Amino acid sequence: MATQRLELLDNTRPNLRAAGYLRVSTEDQLLGHGLAYTERKVKDYASRKGWGYVQTFADEGVSGTLPAEERPDLSRLIEHVHRTPRPFDVVAVVEGRQIGRNGRAFWPWVWRLEDLGVFTAITSLQIDNTTERGRDAMREEADYAEREWNRLRRRLQGGIQEAAELGGYPGGTIPFGWHAPKLEKGKLTRYEIHIKEAACIRRAAELYLFERSWERTARMLNAEGHRTRGDALWTRKNLKMRMLGHAIQSNEVIWRGKGALVDHAGEPVFGRQVVIKLPVILDADTARALRETPARKTWRQPERFRVYSLTGLMTSQCGRRYSGTNRRDDYYDYVCSGRSLPFGERCKCRPVPAEDTENRVWSEVRQLVTDADRMESMARDWLSAAPEVDYASRIDDLTQQIEQQEAAIAASTAVAAKMAAARGLLGQDAERAVEKTTTPLFRELEDLEKLRREAQGWLRDRQEAAERLETLRAMADKARSRLGSLGPAEQAEMLSLFGVRVRVLEPPASRRGVPCDLRAWFVEHKRDVPVLSDAAWVRAWPILCVPQLTEEHGRLLLGAMLYKAANGGRWVDIGPRFGARGGRLQVAAHRWRKSGRWDRVMEALRGLPAVPVWSGPPARLEITVRPLGEFSSEDGECSGCSWGSRCRSRCARRSPAVRSRPISAAPWRRSS
Ligand SMILES: [Zn+2]
Ligand SMILES: [Zn+2]
């Protein structure tokens, strides 16, 4: 113990083993301060101190704000620190900001390493905590950094407060209608009226007070070329929110109003609340009129009248039907009727996006039915498949037999009653005797009646089928000429005429996560995703080749990126398939995209075999077209098989159908 204490008091402490941690941001790389440059700095420091140099950990192209666990090499370093025996004693960094962008992330990190028995060296400050003296210097440095950070924050907040109190622009979001143009240095930036936005506000007020409908006002604004600040179209919702919002209504901004950080007494932490007056856009009377004029109740939004052509034609996985609904502003869906059952009985069927599904079904149905010859021959086959029987005379024949049977029953009943009386039977006994005689006769009568009903059913079906064949011919003609130009209402009529049924085999997954920018690249450039064959790699490698990257690893990285673009998924899930960490993949993808290497590689792979870009989770559908309709026999008895009333398909009476292979509807998309 004594010797160690002595050692700590000494100025230097040799025989330690150092590891370097380097973080090189993209900007550093551009300035020429790449990995080699920073690595030399930490190595120099180690050798001056007489330490051995063990290993370098390096994260390239990574921002200082990225948390430690998302930096591959920093997390690897921390994992090494926990190993026994420890592989090194000192971690050398060039600057504290290599760990975290502001000092506040760095110092706790240093003290944590110290607790674990690992020292830290900061080469730019020429200090390390391997000795007592170095340790003091480091504490001082940390205090200084803390003071500096506080001072900076106070100065910043003070400046903002002052600006706000003088009626200037303190920063932050500027309400629609105003802007804060930057003047020359030293002059206070103030809110000013934004000419174009203010014109839009005044026009909106005028339109609303005349139309008394935010919906209509929004549409007229759009038609006149007005847009939101984000260049989006006005909607009832966003327009109403702006026009009745605090800024337009009272021409003021409350600085540190709602959402400001407050202390336990409810006072803002960083300074008091200030009301900043804005130059007036709408006078108080107009603003009040907007507030107090209710929207006309009678105004119908045309969107409500959207025709859902598949309502009632689409079966859900739980066996119920889908019907159209408008749940949110921009989405039209079909929702399973089982969703509106009381809680507990409610089904879990996910909604299906309306527009894409309708388009998909319609184009499939078009393909199936425009083949008019096929339709007609199908109908003929079905008609000729039915047995050639003269139904009319068969029905007459059966009617005659039934009448005879009824007469026979009447006669037998009378005879049986007489005989019972002769035998002295009374009451129930007499009834039973009569029943015994007549029951077999009644059974025969029932059979005859059943046969007649069946024959009548067949006759009706035949007549209907003949009529339908005519209709079908006419429809096929119409389909050939103008199926492409039918409106939604006509489409709906056609779908029901063609006996279209849609079975949802698998609804689309709900939308989740952030959009993938690799996929976005392919969509934007209208390119398919190249297959990473040997031939493709031969072209790609010269572009991607850098000293730190082995060819094998490079190919894995590119393969993983192309896989993601073609198949979707998250980096964290895709990484392991390619033996890489998701974070590392993401970093590499970002770097390649930013450096332009990605574009060059894709240019080099142009013309090679490619697959379509991932287009989101599909809804799988099966479409059945049954143009001759379904003929259900009245008593539910099947005459086409021996199952009778237990037959579930009513096989003989079912008209022929054309069924699509399972198709995938397009993914979720915003409807226009
Ligand atoms: Zn359901
Ligand atoms: Zn059957």
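Residues numbered from 1 in each chain as written. Chains lettered and ligands numbered in written order. Predicted model: local features only at pLDDT ≥ 70, side-chain atom pairs only at ≥ 80, totals over all residues. Heavy atoms only, no water.

Q: Quick rundown of the overall build of the protein chain? Include the residues and the values.
A: Helix and strand counts for the protein chain stand at 22 helices and 19 strands. Counting contacts in the protein chain only where the partners sit at least 6 residues apart, residues at least 24 apart contribute 67% of the total. Counting every atom, the protein chain has about 38600 Å² of accessible surface; 52% of that belongs to carbon and sulfur. (Helix = DSSP H or I, 4+ residues; strand = E, 2+ residues; numbered from the N terminus. Contact = heavy atoms within 4.5 Å. Areas by Shrake-Rupley, 256 points an atom, 1.4 Å probe, with all protein chains shown as cover.)

Q: How would you sum up the confidence of the model for the protein chain? Please name residues and give values.
A: Taken as a whole, the protein chain shows an average pLDDT of 77; of its residues, 75% reach a score of 70 or greater. The element-level mean pLDDT for the protein chain is lowest in helix α1 (residues 2-9), coming to 40, with helix α22 (residues 597-604) highest at 93. Contacts of residues 1-10 to residues separated by more than four positions or lying in other chains number 10 contacts, the stretch itself having pLDDT below 50. Here residues 298-303 is modelled with pLDDT under 50, and outside its nearest four sequence neighbours on either side it reaches 11 contacts, counting other chains as well. (pLDDT = per-residue confidence, 0-100.)

Q: Just give me the short version of the nonpolar core, but keep the residues and values in it.
A: Residues Phe522, Leu558, Met561, Trp598 and Met602 are the most contacted members of the largest nonpolar core, which totals 34 residues. If you list the elements that add at least two residues to this core, you get α17 (517-524), α18 (534-544), α19 (551-567), α20 (571-577), α21 (582-595) and α22. With seven residues, the single largest contributor to this core is α19. For Trp598, the residues in contact, after removing those within four places along its chain, are Leu518, Trp521, Phe522, Leu558, Met561, Leu562, Trp592 and Arg593. Ranked by size, the runner-up nonpolar core spans 29 residues in total, among them Ala204, Leu221, Leu239 and Leu290. (Core = buried A, V, L, I, M, F, W, Y, C linked by side-chain atoms within 4.5 Å. Buried < 20%, exposed > 50% of the residue type's maximum accessible area, 1.4 Å probe, protein only.)

Q: Give me the lowdown on the pattern of salt bridges, citing residues and values where you can.
A: Overall, the coordinates contain 17 salt bridges when judged by the stated rule. Between Lys277 and Glu252 there is a salt bridge whose closest N-O contact spans 2.9 Å. A residue pair is termed long-range when its members are at least 10 positions apart, and Lys277 in strand β9 (residues 274-277) and Glu252 in strand β8 (residues 252-255) qualify at 25 residues. Lys277 sits in the exposed class, given a relative accessible area of 58%. Among the ionic contacts, a cluster of salt bridges with common partners joins Arg203, Glu206 and Glu224. (Salt bridge = Lys/Arg side-chain N within 4 Å of Asp/Glu carboxyl O.)

Q: Lay out the packing of aromatic side chains in plain terms, naming residues and giving numbers.
A: Overall, the coordinates contain 10 aromatic pairs when judged by the stated rule. Ring geometry for Trp521 versus Phe522: centroids 5.1 Å apart, planes at 85°, classification edge-to-face. Each member of the pair, Trp521 together with Phe522, is buried. By the ring-pair criterion, three or more aromatic residues cluster together here, those being Trp521, Phe522 and Trp598. Against the face of Trp111 rests Arg139, its NZ or CZ located 3.8 Å from the ring centre. In this arrangement the basic side chain of Lys564 is found over the ring face of Trp571, its NZ or CZ atom lying 5.2 Å from the centre. (Phe/Tyr/Trp six-rings, centres within 6.5 Å; stacked < 30°, edge-to-face > 60°. Lys NZ or Arg CZ within 6 Å of the ring centre and 35° of its normal.)

Q: I'd like to hear about the coordination of the zinc ion (ligand 1), residue by residue, with values.
A: Around the zinc ion (ligand 1), the protein contributes the donor atoms Cys318 (SG), Cys336 (SG), Cys347 (SG) and Cys349 (SG), at 2.2 to 2.3 Å from the metal centre. Each of the four donor atoms bound to the zinc ion (ligand 1) contributes to angles spanning 105 to 115°, and the resulting shape is tetrahedral. Look at where the donors of the zinc ion (ligand 1) fall in the sequence and you get C-x17-C-x10-C-x1-C. In this pair, Cys318 is assigned in the loop between β10 (314-315) and β11 (322-325) and Cys347 in the loop between β12 (333-336) and β13 (352-353), connecting sequence segments 29 residues apart. (Donors = N, O, S within 2.8 Å, 3.2 Å for Na, K, Ca; no water. Tetrahedral: all angles 85-135°; square planar, octahedral: opposite > 155°, others 65-115°.)

Q: Describe in detail unusual backbone geometry, supporting the description with residues and values.
A: Of note in the backbone geometry, Gln126 takes a positive phi value of approximately 55° without being a glycine. Looking at the secondary structure, you find Gln126 in the loop between β4 (119-122) and β5 (127-128). Of note in this structure, Asn251 is not a glycine but carries a positive phi near 50°. Locating Asn251 in the fold gives a position in the loop between α10 (246-250) and β8. Take Asn251: its relative accessible area is 7%, and that puts it in the buried class.

Q: Tell me about α21, and name the residues and values.
A: The terminal C-alpha atoms of α21 lie 20 Å apart, and with 14 residues this matches the ideal 20 Å at 1.5 Å per residue to within 8%. Buried within α21 are the following residues: Gly582, Leu585, Val587, Ala588, Ala589, Arg591 and Trp592. Remark: Gly596 follows α21 within two positions and exhibits a positive phi of approximately 85°. (Expected span 1.5 Å × (residues − 1).)

Q: Break down the sheet that holds strand β2 (residues 52-60) for me, citing the residues and quoting the values.
A: The strand order across the open sheet built from five strands is β2-β1-β3-β4-β5, with neighbouring strands paired in mixed fashion. Because the sheet does not close on itself, it has two edges, and the strands there are β2 and β5. Contacting β1 (17-24), β2 and β3 (90-93), helix α4 (residues 72-81) crosses the sheet at an angle of about 145° to β2. (Pairing = 2+ DSSP bridges. Axes fitted to C-alpha atoms, helices over the stretch in contact; angles between N-to-C directions.)

Q: How would you sum up the environment of Asp128? Please name residues and give values.
A: Residue position: Asp128 is located in strand β5. The class for Asp128 is buried, based on a relative accessible area of 3%. Residues Asp128 and Val90, spaced 38 residues apart in sequence, show a C-alpha to C-alpha distance of 8.7 Å. Beyond its immediate chain neighbours, meaning those up to four positions away, Asp128 contacts Tyr45, Lys49, Trp51, Thr120, Ala121, Gly134, Arg135 and Met138. Looking at Asp128, its side chain comes within polar contact range of the side chain of Lys49, at 3.3 Å. (Polar contact = N/O pair within 3.5 Å; in protein donor to acceptor, adjacent residues only side chain to side chain.)

Q: So what's going on with the sheet that holds β13? Which residues, and what values?
A: If you walk across this open sheet you meet the three strands as β11-β12-β13, and the pairing is antiparallel. In this open sheet, the two edge strands, each paired with only one partner strand, are β11 and β13. Here β12 runs beside β13; their pairing, made up of two bridges, is antiparallel. Looking at β13, one finds that Tyr334 is bridged to Val352.

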